[in-house]
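Residues per chain, in single letters:
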Amino acid sequence: MRLPHVLTTAALCLSVALTASAQSVPEVKLPPSPPGQAAIQVGGTWVKTENGGQRYDGGKWIVVDYSRPLLRGRKNIFGTGADYGKVVNDGAPVWRAGANATTTLTTQAPLMVAGKRLEPGVYNVFVDLKPGTWTLILSTQPRQPKYDPKDKVNLYGTYNYDPKFDVARVAMSVEERADAMRQEHPVEQFTIAFLTVSPQMLMLRMEWEKTVATAPIELAK
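For clarity, every value in this text was computed on a predicted model and none was experimentally measured.

## Let's talk about unusual backbone geometry
Next up, step 1: Non-glycine residue asparagine 160 carries a positive phi angle of around 70°.
Next up, step 2: Unlike most non-glycine residues, glutamate 209 shows phi in positive territory, near 55°.
Next up, step 3: In this structure, glutamate 209 sits in strand β12 (residues 201-209).
Next up, step 4: Of the residues examined, glutamate 209 reaches a relative accessible area of 7% and is grouped as buried.

Laid out in C-alpha cells, this is it:
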C-alpha cells in the first residue's frame with residue numbers, strides 16, 4: 001500500500017472517530033433554574049386489589065411547583081448580617097422560594113397553617129428571610145401568566161408583591177448544617193420536599209447549600 005493512501009485512510013478514520021465522539025455528547029436543553037415539584041397525597045386509604053396488590057383510594061394532593069436554582073460554585077448563598085438574603089431576594093422584600101415565576105402551593109385538602117384555615121386552592125409561596133429566622137408566607141395575590149413589566153399589580157416571582165394578600169404566616173425552623181458532609185458537599189440545587197410527621201401533620205422542607213428550613217402544616221378537619 002502506498003504511503004499517501006495510508007495517510008488518507010488514517011485521516012479519514014480519525015475524522016470519523018472525532019465525529020462519533022462529538023455526537024456521543026448529548027444535548028441538554030434546560031433553563032438556568034429547572035422546574036421542580038414536591039408532592040404528597042393525603043387522606044386516602046390503602047385497599048386491596050383483585051390481583052393481590054394495593055391501591056391508594058380517596059387521596060387528595062398537595063403540590064408545590066417551583067424553579068430550582070443551582071449554586072454553580074457560589075458560596076454562602078444566603079449571606080450574613082445586614083446582607084442576609086439580599087442575593088436571593090434580588091431587591092424584593094421577600095424570597096420567591098426558588099427562581100423565575102412565583103412558587104405555588106396547590107392543595108385539594110383544607111389546611112391549617114399557624115391557626116389559619118386555608119380552603120382547597122392555589123396559594124403563592126414566599127419566605128421572609130432573616131438570619132436564623134425564616135417565615136413561610138402563603139398568599140392569594142393574583143399572578144401574571146407571563147412576565148409583563150407594564151403590569152404593576154399582579155405577581156410574577158416577587159415583582160409587585162403586596163403583603164395585603166398574605167393569608168398565613170408561620171415561623172420556620174432553620175438549621176445551618178455545620179457537619180463535615182455539608183461543609184464539603186453542600187446541596188447544589190435548591191430543593192423543596194414534604195415530610196410526613198403524622199396522619200394529620202406535614203412538614204414543608206426547604207434545603208439549599210448548608211441551610212435546612214421546615215414549616216409545619218396541618219390537615220384541617
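## A closer look at the environment of asparagine 89
Next up, step 1: Note on placement: asparagine 89 falls in helix α2 (residues 86-89).
Next up, step 2: Each C-alpha atom, one on asparagine 89 and one on phenylalanine 78, is 9.2 Å from the other, the two residues being 11 residues apart in sequence.
Next up, step 3: What asparagine 89 contacts, discounting residues up to four positions off in sequence, is Val94, Trp95 and Leu129.
Next up, step 4: Side-chain polar atoms of asparagine 89 contact the backbone nitrogen of tryptophan 95, separated by 3.3 Å.

## Some points on the packing of aromatic side chains
Think of a pair of aromatic rings as described by two things: how far the centres are apart, and how the planes are tilted against each other in angle.
Next up, step 1: For the structure shown, the criterion picks out 13 aromatic pairs.
Next up, step 2: Ring geometry for tryptophan 46 against tyrosine 56: centres 5.2 Å apart, planes inclined by 55°, an arrangement best described as tilted. Of this pair, tryptophan 46 sits in strand β2 (residues 45-48) while tyrosine 56 sits in strand β3 (residues 54-57), placing them 10 residues apart in sequence.
Next up, step 3: Given a relative accessible area of 24%, tyrosine 56 falls into the partly exposed group.
Next up, step 4: Plain terms: the ring middles of phenylalanine 78 and tryptophan 134 are 5.1 Å apart, the flat faces sit at 65° to each other, and that makes the pair edge-to-face. With phenylalanine 78 in the loop between β4 (60-67) and α2 and tryptophan 134 in strand β9 (residues 133-139), this pair connects stretches of sequence that are 56 residues apart.
Next up, step 5: Of the residues examined, phenylalanine 78 reaches a relative accessible area of 4% and is grouped as buried.
Next up, step 6: The class for tryptophan 134 is buried, based on a relative accessible area of 1%.
Next up, step 7: Through a chain of ring-to-ring contacts, three or more aromatic side chains come together here, namely Tyr66, Phe78, Tyr84, Trp95, Trp134, Phe190 and Trp208.
Next up, step 8: Directly above the aromatic system of tyrosine 159 lies the positively charged group of arginine 96, at a separation of 6.0 Å from the ring centroid.

Calculation rules
- Residues numbered from 1 in each chain as written.
- Predicted model: local features only at pLDDT ≥ 70, side-chain atom pairs only at ≥ 80, totals over all residues.
- Heavy atoms only, no water.
- Helix = DSSP H or I, 4+ residues; strand = E, 2+ residues; numbered from the N terminus.
- Buried < 20%, exposed > 50% of the residue type's maximum accessible area, 1.4 Å probe, protein only.
- Contact = heavy atoms within 4.5 Å.
- Polar contact = N/O pair within 3.5 Å; in protein donor to acceptor, adjacent residues only side chain to side chain.
- Phe/Tyr/Trp six-rings, centres within 6.5 Å; stacked < 30°, edge-to-face > 60°.
- Lys NZ or Arg CZ within 6 Å of the ring centre and 35° of its normal.

Such coordinate-based values are descriptive only and should not be taken to indicate function.
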